[in-house]
Amino acid sequence: MANKNLQERIKKTQDENWELLTVLGMTWEDARKLSEYDRGYLLLKAEEIKEAHKQRKQLLTDTQRQVAEQQAAQ
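Note that the coordinates shown come from a computational prediction; the quantities given were computed from them, not determined experimentally.

Colleague: Quick one: what's the story with the packing of helix α1 (residues 2-24) against helix α3 (residues 36-73), residue by residue and with numbers?
Modeller: When two helices pack together, their arrangement is given by the angle between their axes and by how far apart the axes lie. Here α1 crosses α3 at 50°, and the two axes come no closer than 10 Å. As the angle between them shows, α1 and α3 are arranged oblique. Seen from above, α1 lies across α3 with left-handed handedness. Across the interface between the two elements, Thr-13, Glu-16, Asn-17, Glu-19, Leu-20, Val-23 and Leu-24 from α1 touch Arg-39, Leu-42, Leu-43, Ala-46, Glu-47, Ile-49 and Lys-50 from α3. In terms of residue class, the contact of α1 with α3 is built from 7 nonpolar, 2 polar and 5 charged.

Colleague: Tell me about the nonpolar core, and please be specific about residues and values.
Modeller: In this structure, Leu-20, Met-26, Ala-31, Leu-34 and Leu-43 together form the largest nonpolar core, which totals 5 residues. Setting aside anything within four residues of it in sequence, one finds Ala-31 in contact with Asn-17, Leu-20, Met-26 and Arg-39.

Conventions and cut-offs
- Residues numbered from 1 in each chain as written.
- Predicted model: local features only at pLDDT ≥ 70, side-chain atom pairs only at ≥ 80, totals over all residues.
- Heavy atoms only, no water.
- Axes fitted to C-alpha atoms, helices over the stretch in contact; angles between N-to-C directions.
- Helix = DSSP H or I, 4+ residues; strand = E, 2+ residues; numbered from the N terminus.
- Parallel < 35°, antiparallel > 145°, perpendicular 65-115°, else oblique.
- Left-handed = near helix turned anticlockwise from the far one by under 90°.
- Contact = heavy atoms within 4.5 Å.
- Nonpolar A, V, L, I, M, F, W, Y, C, P; charged D, E, K, R; others polar.
- Core = buried A, V, L, I, M, F, W, Y, C linked by side-chain atoms within 4.5 Å.
- Buried < 20%, exposed > 50% of the residue type's maximum accessible area, 1.4 Å probe, protein only.

Right under this line is the structure:
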């Protein structure tokens, strides 16, 4: 049981490091050195960035659809 909990904590930390690496461009080494406070803050910022990207993507999709509809109507 303790071994499974340890494996889950390691996987969670690695997943968080991967998110910091891919979203914020941090190095793996820098992500590993973060305090829990800084890690939490940066993970929240990564979520904000992902949400902004999702909104921009949706706006682009909507705009492309509107342009296609206007062109089809002409």
